[in-house]
Amino acid sequence: MNYWLIVTFSFTIGIAAITGWVRFRKMNPAYYPFIYCVWLAFLNEILSFIFAQTIRNNSVNNNLYALAESLLIVWQFRNWGIFKNNLFHTVLAIFTAGWITDHFIINHLTTYTYHYRIAYSFISVLFSVNMINTVIVRERKSLLKNPAFLICTAYVINFTYYVMNMTLYLYVSEINGDFLNRLFGIMPYANLLSNLLFALAVLWIPARQRFTLPT
């Protein structure tokens, strides 16, 4: 896979980030965690590229991004009503504790690690499938115009691929190297598809509700 093609596909998250910046003041605040996550992803792609070209190590910013992304995703699902406040705070605490354990006890912050990413990616897929089922039952319009459906579909595509890919890489030693290389080669395209779905979702985020005083 061409390095510059991977970089180009990664930077397509900027489409959603810029669109979100333009629409931010007019959109429903319930989607703010998703927009923050998109902005952070775009910033992380920029930092990763710069650090890869200079110090040849972008593990620290990626490890910090993994924590921020996971917490923002949980916040977004709370806004969608997936779980109540008690469960929300419990999941936040578990994610934070898991990240600290992975990056300060088992490994180091300066080392790119996979275990925490695999765990929160898998959990995010479960939350996304739950949300997709809810939207399908409730939605009476086109699903392609429902931002929650588009966002969760992108999560399922991206995170499912990541969990499958990294689990095979870490734990299945019998896997043929050529097969793993082909599997890794799908990653940029999964990333591109997810980023385009994010951009489409930003366009369909409903406007902020206007409140008027009763007369």
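Every value quoted in this text rests on a predicted model; they were computed, and no experiment measured them.

Draft legend 1. Structural context of the environment of isoleucine 13. Of note, isoleucine 13 is situated in helix α2 (residues 13-23). Residue classification places isoleucine 13 among the buried positions, given a relative accessible area of 4%. Sequence spacing of isoleucine 13 and alanine 41 is 28 residues, and the spatial spacing of their C-alpha atoms is 7.2 Å. Not counting chain neighbours up to four residues away, the residues in contact with isoleucine 13 comprise Val38, Ala41, Phe42, Glu45, Asn195 and Phe198.

Draft legend 2. Looking closely at a nonpolar patch on the surface. A cluster of nonpolar residues, Ile100, Phe104, Ile105 and Ile106, forms a patch on the protein surface that exposes about 440 Å² of accessible area. On the basis of relative accessible area, isoleucine 100 is assigned to the partly exposed category, the value being 40%.

Draft legend 3. Up close: the packing of helix α4 (residues 59-79) against helix α7 (residues 147-171). With their axes 13 Å apart at the nearest point, α4 and α7 run at an angle of 145° to one another. At the point where α4 passes α7, the crossing takes the left-handed sense. Contact residues: Glu69, Ile73 and Phe77 in α4; Cys152, Tyr155 and Phe159 in α7.

Draft legend 4. Focus on the packing of α4 against helix α6 (residues 115-138). Contact geometry for α4 and α6: axes closest at 11 Å, N-to-C directions at 20°. With respect to α6, the axis of α4 lies roughly parallel. The two elements α4 and α6 meet at a crossing, and its hand is left-handed. Between α4, through Asn62, Asn63, Ala66, Leu67, Glu69, Ser70, Ile73 and Phe77, and α6, the contact on the second element is made entirely by Tyr116, Arg117, Tyr120, Ser124, Phe127, Ser128 and Met131.

Calculation criteria
Residues numbered from 1 in each chain as written. Predicted model: local features only at pLDDT ≥ 70, side-chain atom pairs only at ≥ 80, totals over all residues. Heavy atoms only, no water. Helix = DSSP H or I, 4+ residues; strand = E, 2+ residues; numbered from the N terminus. Buried < 20%, exposed > 50% of the residue type's maximum accessible area, 1.4 Å probe, protein only. Contact = heavy atoms within 4.5 Å. Patch = residues over 30% accessible without salt bridge, like charges linked within 9 Å, V, L, I, M, F, W, Y side chains within 5 Å. Areas by Shrake-Rupley, 256 points an atom, 1.4 Å probe, with all protein chains shown as cover. Salt bridge = Lys/Arg side-chain N within 4 Å of Asp/Glu carboxyl O. Axes fitted to C-alpha atoms, helices over the stretch in contact; angles between N-to-C directions. Left-handed = near helix turned anticlockwise from the far one by under 90°. Parallel < 35°, antiparallel > 145°, perpendicular 65-115°, else oblique.

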